[in-house]
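# Observations on chain architecture
The residues making up each chain are set out below.
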Amino acid sequence: MHGGAGYIAAERRAAHAEGCARAAEVGAAILRAGGSAVDAVEAAVRALEDDPLFNAGTGACLNEDGVIELDAAIMEGATLRAGGVAAMPPFKNPIAIARAAMEDGRHVLYAAHGAARFAMSKGFARATVDELRTDHAYDRWRALKDGQATEKGYAGGTVGAVARDAQGHVAAATSTGGMMDKAAGRVGDTPLLGAGTWADDDHGAASTTGHGEAFIRTAFAVRVVEGLAHATDLEAHLAADLSRMRARTGSCGGVILVDCKGSAAWARNTETMSWAVVRMDGAGESRESGA
Ligand code: GLY
């Protein structure tokens, strides 16, 4: 589970780590009961979309017009089935709409008013900007508009989950409001398969967070997952790919990954990234989190 790479003020870090840990438990409960990786990552991401601390669903950041446009995607590694929404008007749980697109199967990615129309055809109710906008998101947006931003650069808060289930299937899900004060219609890496979200049972699954344009330009998620074929140390592999992205684009971020054997790893080259992991095998369970 990640809750976004970037810069989170020191006094907020513990709450971000705790939010990630709670969401990871939601996914772990599904896996513990024999559920699928794709059900686990959807439920875990929904938990953070509902947590106002994070830049997804409730708490999403505002674009240059002061409105909310949402990106999300989900992918399962067994079949390479996937669904996504991009620059979508406010809905409470974009990841559930991405999952509906995946299950519907007609198309993979829906954008803007077409995404809203698809969502409503599947029974999802639209939300208002007021319902999803938090005081914290508004205050950050207002400060940027007034030239008085106190947080440094990309403040993060994108959420994502990866999982491997007992059947050996992997899945990834990512959801975000994107970048604060982004242009209307801007789409980040999150809903773009291979950039911000990727899952393939042959190798593993990844979800990214950070400067979306850089993850798009480097096809980050698919490259980091397929690079597992030659990786011996997961953390070093992730760190090397983030370094390469910074060298080629000048941008930073973070990534979480699970490989097809069930090993989990994460890396960032930003100041902070909130994260949590639950590991379970025949010997028992362990959990860690941080920011
Ligand atoms: N990584 C999230 C975004 O740039 O939209």
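Higher on the page you've got the structure.
As a convention, each chain's residues are numbered from 1 in the sequence order in which they are written. Where local features are concerned, this predicted model is filtered to residues with pLDDT of at least 70; where side-chain atom pairs are given and counted, the filter is 80 or more; whole-chain, interface and lining totals use all residues. Calculated side-chain values reflect all of the structure's heavy atoms, with hydrogen atoms and water omitted.

## Focus: the pairing of strand β11 (residues 272–281)
Keep this limit in mind: Here the rule is simple: two strands pair whenever DSSP picks up at least two bridges between them. Secondary structure elements are defined from DSSP: runs of H or I of at least 4 residues count as helices, runs of E of at least 2 residues count as strands, and each element is numbered from the N terminus.
Both strand β1 (residues 2–6) and β11 contribute to a ladder of three bridges, which runs antiparallel. Counterpart to G6 in the pairing with β11 is T272. Where β11 meets strand β12 (residues 284–290), seven bridges bridge the pair, whose relative direction is antiparallel. Within the sheet, the bridge partner assigned to R279 lies in β12 and is S286. What sits between β11 and β12 in their antiparallel hairpin is a turn of two residues.

## Some points on unusual backbone geometry
Across the chain, the bulk of peptide bonds are trans and the bulk of non-glycine residues have phi less than zero. Applicable threshold: Here's how the labels work: a residue is buried when its accessible area is under 20% of the maximum for its type, exposed when over 50%, partly exposed in between, all with a 1.4 Å probe on protein chains only.
The backbone of D181 sits at a positive phi, close to 65°, despite the residue not being glycine. In this structure, D181 sits in the loop between β6 (170–176) and β7 (197–200). With relative accessibility at 28%, the residue D181 sits in the partly exposed group. Residue A219 is not a glycine yet carries a positive backbone phi of 45°. Inspection of the secondary structure assignment puts A219 in the loop between α7 (212–217) and α8 (220–226).

## A short note on the site of the ligand
Heads up, the rule is: If even one non-hydrogen atom of a residue comes within 4 Å of a molecule or strand, that residue is called near it. Under this definition, polar contacts are N or O atom pairs within 3.5 Å; protein pairs additionally need one hydrogen-donor-capable and one acceptor-capable atom, and for neighbouring residues in sequence, both atoms have to be side-chain atoms. For the area figures, the Shrake-Rupley method with a 1.4 Å probe applies, and any residue is considered shielded solely by the protein chains shown.
Around the ligand, the surrounding shell holds 11 residues, and the nearest of these are G178, R186, D189, G210 and G212. The side chain of R186 places a nitrogen or oxygen atom 2.7 Å from an oxygen atom of the ligand. In this structure, G212 approaches the ligand through a main-chain N or O atom, which is 2.9 Å from an oxygen atom. Out of a free accessible area of 190 Å², the ligand has 100% covered by protein chains.

## Some details on a nonpolar patch on the surface
Rules: Patch membership requires more than 30% relative accessible area and the absence of a salt bridge. Residues of like charge join within 9 Å; the nonpolar side chains Val, Leu, Ile, Met, Phe, Trp and Tyr join within 5 Å. Every case where a carboxyl oxygen of Asp or Glu lies within 4 Å of a side-chain nitrogen of Lys or Arg is listed as a salt bridge.
Judged by side-chain polarity, V108, L109 and L193 come together as a nonpolar surface patch covering roughly 210 Å² of accessible area. Here L193 lies in the loop between β6 and β7.

## Notes on the packing of aromatic side chains
Convention followed: Each pair of aromatic rings taken from Phe, Tyr and Trp, with Trp reduced to its six-membered ring, is defined by centres within 6.5 Å and is described as stacked if the planes are under 30 degrees apart, edge-to-face if over 60, and tilted in the remaining cases.
Per the counting criterion, the structure on display carries four aromatic pairs. Centre to centre, the rings of Y110 and F118 are 4.3 Å apart; their planes meet at 15°, and the pair counts as stacked. Just as Y110 is buried, F118 falls in that class too.

## Here's the deal with the pattern of salt bridges
Applying the stated criterion across every chain, the model contains 19 salt bridges. Across the salt bridge formed by R99 and E42, the nearest N and O atoms sit 2.9 Å from each other. Taken as a pair, R99 in helix α3 (residues 94–104) and E42 in helix α2 (residues 37–49) lie far apart in primary sequence, 57 residues in all. For E42, a relative accessible area of 12% gives the class buried. The partner of E288 in a salt bridge is R279, with the nearest N and O atoms 2.8 Å apart. A single network of salt bridges, built from pairs that share partners, joins D39, E42, R46, E76, R81, R99 and E103.

## What to know about the nonpolar core
Rules: Here, nonpolar core means buried Ala, Val, Leu, Ile, Met, Phe, Trp, Tyr and Cys residues that are tied together by side-chain atoms lying within 4.5 Å of each other. Only heavy atoms matter for contacts: two residues are in contact if any of them lie within 4.5 Å across the pair.
Ranked by size, the top nonpolar core spans 36 residues in total, and within it M1, V41, V45, L48, I74, I95 and I97 carry the most contacts. Going through the elements one at a time, α1 (10–32), α2, β2 (70–76), β3 (82–88), α3, α4 (112–121), β5 (159–164) and β6 are the ones with two or more residues in this core. Looking at this core, the element that brings in the most residues is α2, giving seven residues. Residues contacting I95, with those up to four places away along its chain left out, are E42, V45, R46, E49, A72, A73, I74, A173 and T174. With 28 residues, the next largest nonpolar core counts A214, L234, L242 and M245 among its residues.

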